[in-house]
Amino acid sequence: MIRHIVFFTVPERANLAAVLQGLSILTGIPHARRLEIGTNIRADRFDGRIDVVVHGEFDDEAALAAYHAHPLYQQSIDRVKPLRGERYAADYVVEDAVAGGVVPLTNKI
């Protein structure tokens, strides 16, 4: 499974609802096993710059690629991009992730 996480900043607080609305378009794309859009509650005492988080789970890289190729994905970009600030994205294979305990380093990277 591929986990897809995207962080957004929204410089103008007045645009937050419009960004959330634009990102909610993504929930209409059928290729995700799970897709969530949330507002950062700013619980991290060291960094509060992120405003919105998108968290998706996909069966494999093909499903993630189909998600990105879907017309609703571009529609969401068209609405959100003019209103957002920075965007940070990461994708990783869940089965390869460290989960409790130390895992020896490999040369996979």
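Below is a summary of the structure that appears in this document.

Thresholds applied
Residues numbered from 1 in each chain as written. Predicted model: local features only at pLDDT ≥ 70, side-chain atom pairs only at ≥ 80, totals over all residues. Heavy atoms only, no water. Helix = DSSP H or I, 4+ residues; strand = E, 2+ residues; numbered from the N terminus. Buried < 20%, exposed > 50% of the residue type's maximum accessible area, 1.4 Å probe, protein only. Contact = heavy atoms within 4.5 Å. Pairing = 2+ DSSP bridges. Axes fitted to C-alpha atoms, helices over the stretch in contact; angles between N-to-C directions. Polar contact = N/O pair within 3.5 Å; in protein donor to acceptor, adjacent residues only side chain to side chain.

Next up on the list: the environment of Val 10. If you trace the backbone, Val 10 turns up in the loop between strand E1 (2–8) and helix H1 (16–24). A residue is classified by how much of its surface remains accessible, and Val 10, at 5% relative accessible area, is buried. Along the primary structure Val 10 and Asp 59 are separated by 49 residues, whereas in three dimensions their C-alpha atoms are 30 Å apart. Residue contacts for Val 10: discarding those within four places in its chain leaves Asn 15, Leu 16, Val 19, Asp 51, Val 52, Leu 83 and Gly 85.

The next thing to look at is the sheet that holds strand E2 (residues 34–39). Pairing within the open sheet is antiparallel, and its 4 strands lie in the order E2-E3-E1-E4. Looking along the sheet, the strands with just one partner apiece sit at the ends: E2 and strand E4 (87–93). The average angle at which neighbouring strand axes cross in this sheet is 10 degrees, direction not considered. Relative to the sheet, helix H2 (residues 61–69) contacts E1, E2, strand E3 (52–58) and E4, its axis offset from that of E1 by approximately 35 degrees.

Positionally, His 70 belongs in the loop between H2 and helix H3 (71–80). Among the polar contacts made by the side chain of His 70, one reaches the main-chain amide nitrogen of Leu 72 at a distance of 3.0 Å.

The next point concerns the environment of Glu 95. Topologically, Glu 95 is positioned in the segment after E4. The exposure class assigned to Glu 95 is exposed, which follows from its relative accessible area of 57%. With 94 residues separating them along the chain, Glu 95 and Met 1 place their C-alpha atoms 7.0 Å apart. Here the side chain of Glu 95 touches Met 1 through a polar contact of 2.8 Å, landing on its backbone nitrogen.

So yeah, pure geometry; function would need other evidence.
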